[in-house]
Amino acid sequence: QVQLVESGGGLVQAGRSLRLSCAASGSFGSIYVMGWYRQAPGKQREFVSTVTSGGGTNSANSVKGRFTISRDASKNTVTLQMNSLKPEDTAVYYCNAVASPPSRPSARLIYWGQGTEVTVSS
């Protein structure tokens, strides 16, 4: 099983920056996609950004030009650099991964971290 541990959340003023990190650990074969989702108070979880094992990235229109996702060489950690933060970015940010267990290389399982809070004040 893959465990995802997030870090980097906090309270910042609008216009400032934060960097979120997510580290994958445990037993896994291959990680195909890692990324971030967020959930604001009273709203459902929404897509933020993802990166594939091949390096391709996708981001929500609401964060394009402000957020940048990257993955390290070992392919087990992703970072979300968040610049020019806005109050509407306030949410709990969840790390997400699509991976295969070593015993079932053809499987595609979805994993979630427990979330890290980001609060942007005006």
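Novice: Explain the overall build of the protein chain here, please?
Specialist: When its secondary structure is counted, the protein chain shows zero helices and eleven strands. Listed N to C, the secondary structure of the protein chain is β-β-β-β-β-β-β-β-β-β-β in terms of helices and strands. Its C-alpha atoms give the protein chain a radius of gyration of 14 Å, near enough to 14 Å, the size a compact globule of 122 residues would have. The principal-axis extent of the C-alpha atoms belonging to the protein chain is close to 50 × 25 × 20 Å.

Novice: Is there a simple way to explain the state of the cysteines in this structure?
Specialist: Note on terminology: a disulfide is the covalent bond linking the sulfur atoms of two cysteines. Tallying each qualifying case throughout the model produces one disulfide. With its sulfur 1.9 Å from that of its partner, Cys22 forms a disulfide with Cys95. Disulfide Cys22-Cys95: torsion about the S-S bond near -85°, hence left-handed. Taken together, the residues span a long stretch of sequence, with Cys22 in strand S3 (residues 18-26) and Cys95 in strand S9 (residues 91-100) at a distance of 73 residues. Judged by relative accessible area, Cys22 falls into the buried class, the value being 1%.

Novice: Help me understand the pattern of salt bridges in this model?
Specialist: Here the idea is simple: oppositely charged side chains can pair when their charged atoms come close. Following the criterion strictly, the structure yields three salt bridges and no others. Arg38 is the salt-bridge partner of Glu46, the closest N and O atoms lying 2.8 Å from each other. Looking at Glu46, the relative accessible area reads 39%, which means it is partly exposed. Given a relative accessible area of 5%, Arg38 falls into the buried group. The salt bridge involving Asp89 is made with Arg66; its shortest N-O contact spans 2.7 Å. Here Arg66 lies in the loop between strand S6 (57-59) and strand S7 (67-71) and Asp89 lies in the loop between strand S8 (77-82) and S9, a separation of 23 residues in the sequence. Note on Arg66: relative accessible area 10%, which makes it buried. Connected via shared salt-bridge partners are Arg38, Glu46, Arg66 and Asp89.

Novice: Just to check I follow, could you spell out the environment of Gly26 for this structure?
Specialist: Here Gly26 shows up in strand S3. In this structure Gly26 comes out as partly exposed when scored by relative accessible area, which is 47%. Each C-alpha atom, one on Gly26 and one on Ala97, is 13 Å from the other, the two residues being 71 residues apart in sequence. Among residues more than four places away in sequence, those in contact with Gly26 are Gln1 and Gln3.

How each quantity is defined
- Residues numbered from 1 in each chain as written.
- Predicted model: local features only at pLDDT ≥ 70, side-chain atom pairs only at ≥ 80, totals over all residues.
- Heavy atoms only, no water.
- Helix = DSSP H or I, 4+ residues; strand = E, 2+ residues; numbered from the N terminus.
- Rg over C-alpha atoms; globule rule 2.2 N^0.38 Å.
- Disulfide = S-S within 2.5 Å.
- Buried < 20%, exposed > 50% of the residue type's maximum accessible area, 1.4 Å probe, protein only.
- Salt bridge = Lys/Arg side-chain N within 4 Å of Asp/Glu carboxyl O.
- Contact = heavy atoms within 4.5 Å.

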